[in-house]
Amino acid sequence: MTLSAAEVEHIARLARLSLSEDELARYARQLSAILDYASQLAGLDIEDIPPTATVLPIHSVMREGDEVRAGLPRADALRNAPDTDGVSFVVQATFGDEE
Amino acid sequence: MTFAALTIREARERLRRRQISSVELTQAFLARIGALNPRLNAYLTITDDEALEMARQADARIQRGEDTPLLGVPIAIKDVLSTRGVRTTAGSRILANYVPTWDATVVARLRALGAVFLGKLNCDEFAMGSSTENSAFGPTRNPWDETRVPGGSSGGSAVAVAADLCCAALGTDTGGSIRQPAALCGVTGLKNSYGRVSRYGLIAFASSLDTVGALTKDVYDAAIMLQAMEGRDPQDSTSVDVSPIDPARLEARGASLAGVRVGVPKEYFTAGIQPDVERAVRAAIAHLQALGAELREISLPRTPLGLPVYYIIAPAEASANLARFDGVKYGLRVQGADLIDTYRRTRGAGFGPEVKRRIMLGTYALSAGYYDAYYIRAQKVRTLIKRDFEQAFEHVDVIAAPVSPTTAFPLGAKVDDPLQMYLADVFTLPVSLAGICGISVPCGFDADGLPIGLQLIGPAFAEQRVLEVAHAYQQTTDFHLKKPPIRMP
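Residues numbered from 1 in each chain as written. Chains lettered and ligands numbered in written order. Predicted model: local features only at pLDDT ≥ 70, side-chain atom pairs only at ≥ 80, totals over all residues.

## What to know about the overall build of chain B
Secondary structure assignment for chain B yields 16 helices and 11 strands. Relative to the 2.2 N^0.38 estimate, which gives 23 Å for 489 residues, the radius of gyration of chain B is 21 Å and therefore close to what a compact globule would have. Projected onto the principal axes, the alpha-carbon positions of chain B cover approximately 65 × 55 × 45 Å. Counting all 489 residues of chain B, 62% fall into the buried class. (Helix = DSSP H or I, 4+ residues; strand = E, 2+ residues; numbered from the N terminus. Rg over C-alpha atoms; globule rule 2.2 N^0.38 Å. Buried ≥ 20, exposed ≤ 12 C-beta atoms within 10 Å, placed from the backbone.)

## A short note on the overall build of chain A
Scanning chain A for helices and strands turns up three helices and zero strands. Along chain A, helices (α) and strands (β) appear in the sequence α-α-α when read from the amino end. Over its C-alpha trace chain A gives a radius of gyration of 23 Å, far above what one expects of a compact globule, namely 13 Å for 99 residues. For chain A, the C-alpha atoms occupy an extent of roughly 55 × 45 × 25 Å along the three principal directions. Residue burial in chain A is summarised as follows: out of 99 residues, 16% are buried.

## Regarding the interface of chain A and chain B
Every contact between the two is made by 38 residues of chain A and, on the other side, 50 residues of chain B. When residues of the side of chain A that touches chain B are traced back to their parent elements, those giving at least two are helix H1 (5-14) and helix H2 (21-38) of chain A. (Contact = placed C-beta atoms within 7 Å.)

## Observations concerning the domain arrangement of chain B
Accessible area lost on assembly of the parts is the figure often given for the size of an interface. Residues and elements named next belong to chain B. Once the domains are mapped, chain B shows domain 1 (3-261) and domain 2 (304-381). In this structure, domain 1 and domain 2 have C-alpha centres spaced 28 Å apart. Taken together, the contact pairs 19 residues of domain 1 with 17 residues of domain 2. A per-class count over the side of domain 1 that touches domain 2 returns 10 nonpolar, seven polar and two charged. (Domains from an automatic or database assignment. Nonpolar A, V, L, I, M, F, W, Y, C, P; charged D, E, K, R; others polar.)

## Concerning the packing of H2(A) against helix H10 (residues 306-321) of chain B
H10(B) packs onto H2(A) with a crossing angle of 125° between their chain directions and a minimal axis gap of 9 Å. Judged on the interaxial angle alone, H10(B) and H2(A) are oblique. Crossing handedness for the pair H2(A) and H10(B): left-handed. Residues Ile34(A), Tyr37(A) and Ala38(A) of H2(A) form the contact with H10(B), whose own contacting residues are Pro308(B), Tyr311(B) and Ile312(B). Among the residues forming the contact of H2(A) with H10(B), the class breakdown is six nonpolar, no polar and no charged. (Axes fitted to C-alpha atoms, helices over the stretch in contact; angles between N-to-C directions. Parallel < 35°, antiparallel > 145°, perpendicular 65-115°, else oblique. Left-handed = near helix turned anticlockwise from the far one by under 90°.)

## Let's talk about unusual backbone geometry
The omega torsion across Gly152(B) and Ser153(B) is 10°, close enough to zero to call that bond cis. Even without a glycine there, the phi angle at Arg16(A) is positive, about 55°. Of note, Phe461(B) is a non-glycine position whose phi angle comes to about 70°, a positive value. Relative to the helices and strands, Phe461(B) is located in the loop between strand S11 (451-458) and helix H16 (463-475).

## A few points about the environment of Glu13(B)
Relative to the assigned elements, Glu13(B) resides in helix H1 (residues 8-16). Spatially, the C-alpha atom of Glu13(B) lies 9.7 Å from that of Pro69(B), the residues being 56 residues apart in sequence.

## Concerning helix H11 (residues 339-350) of chain B
An ideal rise of 1.5 Å per residue puts 16 Å on 12 residues; H11(B) measures up with 16 Å between its terminal C-alpha atoms. Those residues of H11(B) lying buried are Thr342(B), Tyr343(B), Arg344(B), Arg345(B), Thr346(B), Arg347(B) and Gly350(B). (Expected span 1.5 Å × (residues − 1).)

## Regarding the nonpolar core
Nonpolar side chains in soluble globular proteins tend to end up buried together. One finds Ile75(B), Ala160(B), Cys166(B) and Ala169(B) to be the most contacted residues of the largest nonpolar core, which totals 172 residues. Filtering out sequence-adjacent residues up to four positions away, Ala160(B) remains in contact with Ala42(B), Tyr43(B), Ala76(B), Leu121(B), Leu165(B), Cys166(B) and Ala169(B). (Core = buried A, V, L, I, M, F, W, Y, C linked by C-beta atoms within 7 Å.)

## A word on the pairing of strand S4 (residues 168-173) of chain B
Residues and elements named next belong to chain B. With six of its six residues buried, S4 lies for the most part within the structure. Here S4 shows a buried face lined by Ala168, Leu170 and Thr172 and a second buried face lined by Ala169, Gly171 and Asp173. Note: strand S2 (residues 74-78) against S4, three bridges, orientation parallel. Looking across to S4, one finds that Ala76 is bridged to Ala169. (Pairing = 2+ DSSP bridges.)

## Quick notes on the packing of helix H2 (residues 22-40) of chain B against helix H3 (residues 48-63) of chain B
All names here are of chain B. Direction vectors running N to C along H2 and H3 enclose 155°, while the axes themselves pass 8 Å from each other. Between H2 and H3, the crossing angle belongs to the class labelled roughly antiparallel. Along this stretch, H2 crosses H3, giving a crossing that reads as right-handed. Across the interface between the two elements, Ser22, Val23, Thr26 and Leu30 of H2 pack against Asp48, Ala51, Leu52, Ala55, Arg56, Ala58 and Asp59 of H3. Broken down by class, the residue content of the contact of H2 with H3 amounts to six nonpolar, two polar and three charged.

## Concerning the sheet that holds S11(B)
Residues and elements named next belong to chain B. Taken together, the 11 strands give an open sheet; going across it, the order is S1-S3-S2-S4-S6-S5-S10-S11-S9-S7-S8, and neighbouring strands pair in mixed fashion. Two strands in the sheet have a free side with no partner beyond their single neighbour: strand S1 (43-46) and strand S8 (294-298). When strand polarity is set aside, the average angle formed by the axes of neighbouring strands in this sheet is 30°. Where S1 lies against strand S3 (residues 116-121), three bridges are found, and the strand directions are antiparallel. The partner of Tyr43 across the bridge, within S3, is Leu121.

## Some remarks on the environment of Arg61(B)
Residue and element names in this part refer to chain B. With respect to the helices and strands, Arg61 occurs in helix H3. Judged by local crowding, Arg61 falls into the partly exposed class, with 16 C-beta atoms found within 10 Å. Counting along the chain gives 11 residues from Arg61 to Glu50, while the straight-line C-alpha distance between them is 17 Å. With residues up to four places along the chain from it excluded, the contact list for Arg61 reads Glu66, Leu71 and Gly114.

## Examining helix H13 (residues 371-392) of chain B
For H13(B), spanning 22 residues, the distance from its first C-alpha to its last is 31 Å, which sits close to the expected 32 Å at 1.5 Å a residue. Buried residues along H13(B) sit in contact with H2 of chain A together with H10, helix H12 (353-366) and helix H15 (429-434) of chain B.

## Details of the confidence of the model for chain B
Residues at a pLDDT of 70 or more form 100% of chain B, whose mean pLDDT is 97. Across the interfaces of the predicted complex, the ipTM metric reaches 0.93, alongside a pTM of 0.97. (pLDDT = per-residue confidence, 0-100.)

## Concerning the environment of Arg74(A)
Residue and element names in this part refer to chain A. Take Arg74: it is sitting in helix H3 (residues 74-78). Residue class for Arg74 comes out exposed when judged on the 12 C-beta atoms lying within 10 Å of it. Each C-alpha atom of the pair Arg74 and Ser88 lies 8.7 Å from the other, and the pair is 14 residues apart in sequence.

Take a look at the structure:
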C-alpha cells in the first residue's frame, strides 16, 4: 500500500504534529513500507482468537481505603511548566477570543 | 583489578570489610567517567556532587554497621527514569530541561538501600530505537569498537557497565532495549516479567510492554538488582508481588544443570543470522548440555510475526502516551497562532524523527477505519505469540536462543531504513509481547572481536530459574569477564 501525502498530512493533524514538506514525503514512503510489512498479519485465520491488551490477569478493583494523603505540592506541579502565573498553567484560549 | 571493574558483590565485600570506602569507589568512577565519557557519550548528566554526598552518607551508614546489598555501591540510571531534582530528558529535546520533583519507585528503592547515583545515561529518544542513535544528545559509542553502535535503547546503560563507568545500570526493555544492547556490549542484561518491577516514574513508551530492569557485570549482580527493585507498588496498578528473588540460591545450585530441560527454537536460527552469532550461540547451548541440561528442539511458529505485531501495538500505545507532551505542563513550548498550532509546533520541533514516525504509525493504526484491521488484529496475534511460549514451557524449563541476529553494526548503517533497524529486535520482541522474562549473557565474540549474547528465556515470573541457569553458565565460562580494549586518553 502507498500512503499519499494528503493521508500523511491528515495523520499528522490527528497526531498534533507539524511536519515539513520533506518530512511528509519521507514519512509517506517509510510508513507505507512498514504497513506493507505489517500486511503479513492480514491473511491469518484469527476470527476466534481473543485480543491481548495486557498479559496480566488483571481485573477491575475497588480502591483499598480512601484515606487522605499528601498530593503533589502546587509549586512542584508548576515547576517545569513553560508558562505559569504562579497559581495555574497559562495556556492560549481554547475557543477563540470570547472576551 | 581496579575499583571500577568490581561487581556489586565484590564492591560490597570490600566496603563491608572497610578495605575501601564508598567515597573512594565513587571518586574512582567519576575519574573514569571524566576521562572516557567525552568519547563514549554514555552519560548525559553526571551528578558528581550528589554522588559524593550520597557516598559520604553511605560510608556513615557502613560505619554504623549497616549492611544492605547496595549500600555505598555506585550505579547509574537510564534517562527515562525520573530522578528527584536531577534533569531527566528521555533522550529528547522536548524534555531537555525537565527536572522531576519525585523519584521513580525503583529509584526511591535503590536510594533507600544506600546506592550511590553517578548520573543519567543516554538512550534512544523515549526508548524508541535499537542503536542509541535516536538520542537528541548524540549517539553513544560501543567501547569494543567506537565506530559502532552499542545497541539500544539502553545503549548508555550497556556502555557504562561494559566500560566500567558504574557498577551496574538501570535500563528499560519494551521490545529488547535491555537485552540487545547488553548483547552488543558484552554485559549481562535481565528483562523482567511484565509487572514484576514497578513502572511508576518511568516516562511511558508502551504501557503494556514497558519493563524496568538492570544491566550488570554478571548474573549474580542481576539477581541483587532485581531483589532490590521488585515487588508490588501501590503507585503502579500493574505491579505484582511474587515469590522474591534469592541470590544465595544461585550459589547453592552450583554449576550442575542436571534435570533442566532447555528448549532450542528452530525459528531463532534462520537465514538472516550472522554465522558467527549462530556458531557462538550453538556452542553455548552445547555447553549447557555438557553441564547436564537436556536439550529439546521446540517450535515457536509465530516468531516471525512478532515484528509486525510489535510495530503496531507499541507505536499505538506510544501515540497515546506521548500525547501528554503538549507544551503546557512541562517541557518545550513553541508558541503558535492558536492552541492547536502551539501543540503542533511544539511537538514538531521537540520530537525527533523516529518518535514522530512511531506517533504517526500509531495514530494511523488507531484511527477510524483502521483500528480493527491493524490494532485489534495485532492484539489477536499477540495472543498466539503468548500461547506459543505457554505451550513450549509445558515441555521445557528455559528456552535458549540468540539475542540479536548480528553483532554491533556501524554507526549510521541503518538510520535511514527504519525497517532494517526494527529487524535488529526480531529475536527479542516475542518475549516482550508475551510479557515473560529473558536474560542476555555474553557467550562469545565474532571474527572482529565484537561480543555475542545468549538469550535464556523463562515463563512469566520465573526469573529465579533463568538466573540459576545463566549463573551456572557464567560459573563455567569467562566471556562475561572479558573487557573492551579501551585506550585511556
